[in-house]
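The residues making up each chain are set out below.
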Amino acid sequence: MPSKVVGILGGGQLGRMLAASASLLNIKVIVLDVGVDAPAKQIVASPSHIDGSFRDKEKILELASQVDVLTVEIEHVDVEALETVQKSYPNVSIHPTPSTIRLIQDKYLQKEYLSKCGCPLGPFQAIEATPEGITYAAKELGLPLMLKSRTMAYDGRGNHVLRSTDSQSIVTAIESLGSGSRKLYAEKWVPFVKELAVMVVRGLDGTVSSYPAVETIHRDNICHIVWAPFRLRNIDEDPTLPTKAEQVAKEAIKKAFEGAGVFGVEMFLLENGEILINEIAPRPHNSGHYTIEACESSQYDNHIRAILGLPLGSTRLKVGAAGMLNILGSSNDVASKSTTSSSSLTFSDDTLVNELTHIALRTPGASPHLYGKGQSRKGRKMGHVTIVGSSSAEVRERMSPLLTCLAELEG
Ligand code: ATP
Ligand code: MG
Ligand code: MG
């Protein structure tokens with residue numbers, strides 16, 4: 001049995017799927033999360049799991065004292081604590097490295113650094129969270145203007161689209177972005193035709209390889225659907241686009257970030273075929289869930305392999321195509337519209353989650369994943385469904401009952 005122990009900061013769904021991959025290799029995992037019953041802790045039984053925050057220095061040091069390798073399922077961790085681990089526990093390796101996490105945590109520093117490294121980005125600038133600061137940025141970068149919090153941002157929480165520079169719009173923007181308490185920056189609006197993502201994995205020996213480019217569709221700033229592989233829109237479109245996206249993603253990781261493991265590279269595709277990087281996550285990513293069923297080795301398997309210095313698995317698609325639908329918590333009024341599952345087994349107290357799971361169970365090629373989160377809230381990531389098929393047309397056809405159900409229950 002391998003003797004190394006992996007510590008994961010964060011015990012949500014990404015930690016859960018990492019723990020599942022580690023368990024296939026008899027690799028012991030210890031999870032640090034405030035939730036006693038966090039999704040990742042449910043997967044691997046261990047008396048060593050720690051109840052506490054991944055922003056709590058003491059708890060991070062406690063975790064470090066018990067493991068050989070530390071990794072994260074979320075980038076919003078206490079980096080100073082990880083830097084202390086580097087000094088106090090020199091035998092514990094940390095992937096991604098604390099310096100990579102520090103850079104990525106601050107989306108403005110991340111962009112500045114990627115830009116220095118020569119990665120393709122849209123225009124952006126740091127701004128003061130004041131009416132003058134925002135008005136100046138709008139003059140420089142135009143409207144609509146994407147205002148973003150530099151830190152602690154996820155699922156679009158921390159983003160605000162400014163459509164006008166009248167005083168009410170500016171006040172609303174400042175209020176929605178923490179009323180001056182958070183550092184902000186602005187990005188020029190990117191009129192993308194599609195959003196793309198590429199998972200990149202780097203092994204301990206420096207080998208870098210990428211998963212296929214996929215199309216991501218967001219709803220309310222949260223990943224909604226992923227189509228793999230990225231499908232060209234028409235026959236006139238440059239057939240080298242997917243390869244180009246994979247190259248852009250790989251180059252960014254090679255040039256900019258240290259450390260082993262998986263990186264999720266989010267990108268915009270413009271009308272003229274240009275590809276710009278949106279942001280990079282130093283960990284497995286929502287848009288890579290599909291790799292569990294659709295690729296020869298999943299992003300979770302490869303993250304575990306990478307941080308332990310094991311041979312990386314193939315990142316190739318092993319099916320014709322795949323689609324992934326995120327299952328988000330619904331609002332209470334969905335319950336009254338419930339149709340299919342009233343007499344069957346209940347998988348979740350959330351009617352929408354339950355209905356989608358039942359439909360997925362009846363859909364060929366579909367694999368539902370529920371994350372074991374007890375409490376559902378509107379917009380909370382409760383699970384996902386991956387659908388594989390021989391072609392992208394077949395996957396879309398198989399996905400359609402799920403999308404119909406979603407539209408009916410939400411509509
Ligand atoms: P995540 O959960 O992926 O970490 P986040 O909160 O960091 O999300 P971003 O990725 O910055 O947010 O933005 C969320 C979404 O908003 C993007 O996926 C894209 O749809 C849209 N978006 C972001 N930046 C821009 C931009 N400059 N122009 C147009 N749309 C944008
Ligand atoms: Mg982000
Ligand atoms: Mg994002």
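Nothing here was measured: the structure is a model prediction, and the numbers come from that model. (Residues numbered from 1 in each chain as written. Chains lettered and ligands numbered in written order. Predicted model: local features only at pLDDT ≥ 70, side-chain atom pairs only at ≥ 80, totals over all residues. Heavy atoms only, no water.)

1. Let's talk about the site of ligand 1
Put simply, the test is: Note on terminology: near, applied to a residue and a molecule or strand, indicates that one of the residue's heavy atoms is within 4 Å of it. Residues adjacent in sequence count toward polar contacts only when both atoms are side-chain atoms; beyond that, a polar contact is any pair of N or O atoms within 3.5 Å, and within protein one must be able to donate a hydrogen and the other to accept it. The classification used treats Ala, Val, Leu, Ile, Met, Phe, Trp, Tyr, Cys and Pro as nonpolar, Asp, Glu, Lys and Arg as charged, and all other residues, Gly among them, as polar.
What surrounds ligand 1 is a group of 20 residues, the closest being Lys107, Lys148, Asp155, Gly156 and Glu195. Contact between ligand 1 and Tyr154: an oxygen atom at 3.4 Å from a main-chain N or O atom of the residue. One of the backbone nitrogen or oxygen atoms of Gly156 is found 2.7 Å away from an oxygen atom of ligand 1. Looking at the shell around ligand 1 residue by residue, the class counts come to seven nonpolar, five polar and eight charged.

2. Concerning the layout of surface pockets
Definition in use: Whether a set of points on the 1 Å grid over the protein atoms alone is a cavity depends on a 1.4 Å probe fitting there but being unable to get out, while an open set qualifies as a pocket with protein on both sides within 12 Å along at least five of seven lines; lining residues are those with an atom within 4 Å of a point. Grid points are joined across faces, edges and corners, and a volume is the space filled by probe spheres set on the points. Counting from the N terminus, the helices are DSSP H or I runs at least four residues long and the strands are E runs at least two residues long.
Looking at the second largest pocket, its volume works out to about 280 Å³. In terms of lining residues, the second largest pocket is bounded by 16 residues, among which Asp220, Ile222, Leu328, Lys378 and Gly379 are the most central. Of all elements in the fold, only β13 (222–228), β16 (321–328), α12 (351–361) and α13 (392–410) reach the threshold of two or more residues within the lining of the second largest pocket. Of the residues belonging to the lining of the second largest pocket, the class tally is six nonpolar, four polar and six charged.

3. Considerations on the coordination of the magnesium ion (ligand 2)
Spelled out, the test is: Only nitrogen, oxygen and sulfur atoms within 2.8 Å of the metal, or 3.2 Å for Na, K and Ca, are treated as donors, and water is left out, so sites may look incomplete.
Protein-derived coordination of the magnesium ion (ligand 2) comes from Glu279 (OE) and Glu279 (OE), at a distance range of 2.3 to 2.4 Å. The two metals, the magnesium ion (ligand 2) and the magnesium ion (ligand 3), are separated by 3.8 Å and share Glu279 as a common coordinating residue. Along the chain, Glu279 falls in strand β15 (residues 275–281).

4. Structural notes on the confidence of the model for the protein
Stated precisely, the cut-off is as follows: The predictor attaches a confidence to each residue, called pLDDT, with possible values from 0 through 100.
On average, residues of the protein score 95 in pLDDT, and 97% of them reach the 70 mark or higher. Scored as a complex, the prediction yields pTM 0.97 and ipTM 0.99.

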